[in-house]
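Take a look at the letters that make up each chain.
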Amino acid sequence: MSRVLVINSGSSSLKYQLIELDDEKVLASGLIERIGESGSSARDHTSAFQRMVADLQAQGIDIKDRLTGIGHRVVHGGEKYQKPTLITDQVKHGIEELSSVAPLHNPPALAAILAAEKTFPGVQQVAVFDTAFHQTLPAVAYTYAIDADVAKSQGIRRFGFHGISFSFVAAAAAEFLGRPIAELKLIILHLGNGASACAVDGGRSVETSMGMTPLEGLMMGTRGGDIDPGVVLHLQRQGMSVTQTDALLNHESGLLGLGGHGDIRDVQSSADAGDVRAQLALEVYLHRIRHYVGAYLAQLGGADAIVFTAGVGENNAFVRAGSLAGLEGLGICVSAERNEATGSGPRLISAADAPIAVLVIPTNEELDIARQTAASIAQ
């Protein structure tokens, strides 16, 4: 049986899974952190790959045995990369060029690709792009209302992210509901440290909250989401540099900026203890989600299901209930009992008579990457 190694690389981390293709079993998984930091056993991504191989060998697993390919999560593929793509020198150059609009994500993905080439020479590699699922967005959804010539020359448009997760979850939701995906209108809420919403019509992304970069849309752990661009201009006129503005928007905003903590569980604890700042942060967080649910109901002309996924969406009953509170008149009603019940698999949390189903569907981006990698290599 052939295998695929799935890599999700950060600037100082390497997350991996080795997946058996025939039965989709995870043979091994792990996370190597603190890459490049003082005292770390991995001075760079190549060292991290070597450590991964050694760690698995210590467990009796030969990672190179029957290794069909290596699939990499790459956040930004721009307009050029609309599907999983076999990695060539040209593709590597393309990923590097797009680093200017995904500076936190594309560079470590490229570092992992180069490290994998050294560690597994001759093994085919595939880039699976988070933006690819959103290439079905209609022009009215991806176009920003700025000077058209400037937008074209600078590649400015909505791209959207979390596409690998949305693709997997949409298919899993259709399977859970026992209906063809082509018949379904879904609103999917991917809520983790990064968060975005997506309207899926017949399996196709038609609206999504993140934009040209992952800064737009919902409130997140350290990113504020939607903001008047005039605020950025104001800050820079007051002397804040581009680097400082970037740090503010990417690392010092969102739950952290409003509530003092980047993890929503810590914000909830502070709010429960009476911290007014944390209480407001939660209210803003839930308000933003509700805003997008309403907007996407209008864009879709209704919905068959609203789906929660990712770390917060799958595990935080408070967020699920709070973000949909008050929407009963739109056919959305969360069952308190079902919502509070523990569970790890796909489940229904809406009231029995609710016109719109509310689901919790665990995402599995690694499995989706493995499937897309295998399919690309087989072509």
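Right above here is the structure, for reference.
Keep in mind that what you see is a predicted model, and the values were worked out from it rather than measured.

**Description of the nonpolar core**
And then number 1: In this structure, Leu189, Leu191, Tyr285, Val293, Ile306 and Ile332 are the most contacted members of the largest nonpolar core, which totals 39 residues.
And then number 2: Elements supplying a minimum of two residues to this core: β7 (185–191), β8 (195–201), α10 (264–272), α11 (276–300), β10 (305–309), α13 (317–324) and β12 (357–360).
And then number 3: Here the element with the most residues in this core is α11; it accounts for eleven residues.
And then number 4: Apart from residues lying up to four places away in sequence, leucine 189 is in contact with Ser196, Ala197, Ile289, Val293, Ile306, Val307, Phe308 and Thr309.

**Here we look at the environment of histidine 72**
And then number 1: Relative to the elements of secondary structure, histidine 72 occurs in strand β4 (residues 67–74).
And then number 2: Here the alpha-carbon distance between histidine 72 and valine 126, two residues 54 residues apart in the chain, equals 6.2 Å.
And then number 3: Every residue in contact with histidine 72, bar those within four places of it in the chain, is listed here: Ile7, Ile87, Ala112, Ile113, Ala116, Gln125, Val126, Ala127, Val128 and Ile369.
And then number 4: For histidine 72, the side chain forms a polar contact with the side chain of glutamine 125, separated by 2.4 Å.

**Side note on α11**
And then number 1: Counted at 1.5 Å a residue, the expected span for α11 with its 25 residues is 36 Å, and the 36 Å between its end C-alpha atoms agrees.
And then number 2: Burial in α11 covers these residues: Ala278, Ala281, Leu282, Tyr285, Leu286, Arg288, Ile289, Tyr292, Val293, Tyr296, Leu297 and Leu300.
And then number 3: The opening residue of α11 is aspartate 275, an N-cap whose side-chain oxygen sits 2.9 Å from the backbone nitrogen of arginine 277.

**What about the pattern of salt bridges?**
Opposite charge on two side chains lets them pair, provided their charged atoms get close.
And then number 1: Scanning all chains against the criterion turns up 15 salt bridges.
And then number 2: Residue glutamate 24 pairs with arginine 371 through a salt bridge whose shortest N-O separation is 2.8 Å. On the criterion of sequence distance, the pair formed by glutamate 24 in the loop between β2 (13–20) and β3 (25–33) and arginine 371 in helix α15 (residues 365–378) is long-range, its members being 347 residues apart.
And then number 3: Of the residues examined, glutamate 24 reaches a relative accessible area of 34% and is grouped as partly exposed.
And then number 4: Across the salt bridge formed by arginine 158 and glutamate 216, the nearest N and O atoms sit 3.2 Å from each other. Here arginine 158, found in the loop between α5 (148–154) and α6 (163–177), pairs with glutamate 216, found in the loop between β9 (204–208) and α7 (229–237); they are 58 residues apart in sequence, far enough to count as distant.
And then number 5: According to the relative accessible area criterion, arginine 158 is buried, its value standing at 11%.
And then number 6: Each of Asp89, Lys92 and Glu117 takes part in one network of salt bridges that share partners.

**As for the pairing of β8**
And then number 1: Extensive coverage of β8 is indicated by the burial of six of its seven residues.
And then number 2: Here seven bridges tie β7 to β8, and the two strands are oriented antiparallel to one another. What sits directly across from isoleucine 187, in β8, is alanine 199.
And then number 3: Counting the residues between successive antiparallel strands, the hairpin from β7 to β8 contains three residues.
And then number 4: Here four bridges tie β8 to β9, and the two strands are oriented antiparallel to one another. Its bridge partner being in β9, valine 200 is matched across the sheet by serine 205.
And then number 5: Hairpin remark: β8 followed by β9, antiparallel, with two residues in the connecting loop; positive phi at glycine 202, about 65°.

**Things to note about the pairing of β7**
And then number 1: Most of β7 is tucked away: six of the seven residues are buried.
And then number 2: Relative to β10, β7 runs parallel, the two sharing five bridges. Pairing of isoleucine 188 across the sheet is with valine 307, part of β10.

**Notes on unusual backbone geometry**
And then number 1: For arginine 66, which is not a glycine, the phi torsion comes out positive at approximately 60°.
And then number 2: Looking at the secondary structure, you find arginine 66 in the loop between α1 (45–58) and β4.
And then number 3: Take arginine 66: its relative accessible area is 40%, and that puts it in the partly exposed class.
And then number 4: Positive phi, normally seen in glycine, also occurs at histidine 162, with a value near 60°.

**Describing the sheet that holds strand β1 (residues 3–10)**
And then number 1: What the six strands build is an open sheet, ordered β3-β2-β1-β4-β6-β5; its pairing is mixed. Of all strands in the sheet, those with a lone pairing partner are β3 and β5 (85–86), marking the two edges.
And then number 2: Sheet analysis places β1 next to β4, joined by five bridges and oriented parallel. For arginine 3, the partnering residue across the bridge sits in β4 and is leucine 67.
And then number 3: Relative to β1, α1 is tilted by about 135°, and along the sheet it contacts β1, β2 and β3.
And then number 4: Packed onto the sheet, α15 meets β1, β2, β4, β5 and β6 (124–129) and runs at close to 125° relative to β4.

**Some thoughts on the side chain of asparagine 339**
And then number 1: Topologically, asparagine 339 is positioned in helix α14 (residues 336–340).
And then number 2: The exposure class of asparagine 339 is buried, given its relative accessible area of 2%.
And then number 3: Within the structure, the side chain of asparagine 339 is placed 2.7 Å from the side chain of arginine 320, a separation counted as a polar contact.
And then number 4: In this structure, asparagine 339 is in contact with Ala317, Arg320, Ala321, Val334 and Ile349, ignoring residues within four places of it in sequence.

**Some details on the packing of aromatic side chains**
And then number 1: Summed over the entire model, instances satisfying the criterion amount to three aromatic pairs.
And then number 2: Their ring planes at 75° and their centres at 6.2 Å tell us that phenylalanine 49 and phenylalanine 120 sit as a pair that is edge-to-face. One end of the pair, phenylalanine 49, is in helix α1; the other, phenylalanine 120, is in the loop between α3 (106–119) and β6, and 71 residues separate them in sequence. Across the pair, exposure class does not vary: phenylalanine 49 and phenylalanine 120 are buried alike.
And then number 3: Ring centres 5.7 Å apart and planes at 75° place the aromatic pair tyrosine 292 and tyrosine 296 in the edge-to-face group. Residue tyrosine 292 and its partner tyrosine 296 are both found in helix α11; the two are separated by four residues, about one turn of the helix. Just as tyrosine 292 is buried, tyrosine 296 falls in that class too.
And then number 4: Taking NZ or CZ as reference, arginine 157 lies 3.9 Å from the ring centre of tyrosine 142, over its face.

Reading the values: the criteria
- Numbering of residues begins from 1 in every chain and follows the order in which that chain's sequence is written.
- Local features are withheld for residues below a pLDDT of 70 in this predicted model, meaning they are given only at 70 or higher, and side-chain atom pairs are given and counted only at 80 or more; totals for whole chains, interfaces and linings count all residues.
- The side-chain quantities take in all heavy atoms of the structure and omit both hydrogens and water.
- Residues enter a nonpolar core if they are buried and are Ala, Val, Leu, Ile, Met, Phe, Trp, Tyr or Cys, with the set joined through side-chain atoms within 4.5 Å.
- Type-normalised accessible area, obtained with a 1.4 Å probe on protein chains alone, sets the label of each residue: buried when under 20%, exposed when over 50%, and partly exposed for intermediate values.
- Secondary structure elements follow DSSP: runs of H or I no shorter than four residues count as helices, runs of E no shorter than two count as strands, and numbering proceeds from the N terminus.
- Contacts are assigned to residue pairs with any non-hydrogen atoms lying within 4.5 Å of each other.
- Counting of polar contacts relies on pairs of N or O atoms within 3.5 Å, with two restrictions inside protein: one atom must be capable of donating a hydrogen and the other of accepting it, and residues adjacent in sequence are counted only when both atoms are side-chain atoms.
- How far a helix is expected to stretch is found by multiplying one less than its residue total by 1.5 Å.
- By convention in these notes, a salt bridge is any Lys or Arg side-chain nitrogen within 4 Å of a carboxyl oxygen on Asp or Glu.
- In this description, strands pair whenever DSSP reports at least two bridges between them.
- Axis geometry follows a simple rule: fit a line to the C-alpha atoms, using only the stretch in contact for helices, then measure angles between N-to-C directions, giving values from 0 to 180 degrees.
- Pairs were defined over the aromatic rings of Phe, Tyr and Trp, the Trp ring being its six-membered one, requiring ring centres within 6.5 Å. Orientation was assigned from the angle between planes: stacked under 30 degrees, edge-to-face over 60, tilted for the rest.
- Geometrically, a charge over a ring is one whose NZ (Lys) or CZ (Arg) sits within 6 Å of the ring centre while staying within 35 degrees of the ring normal.

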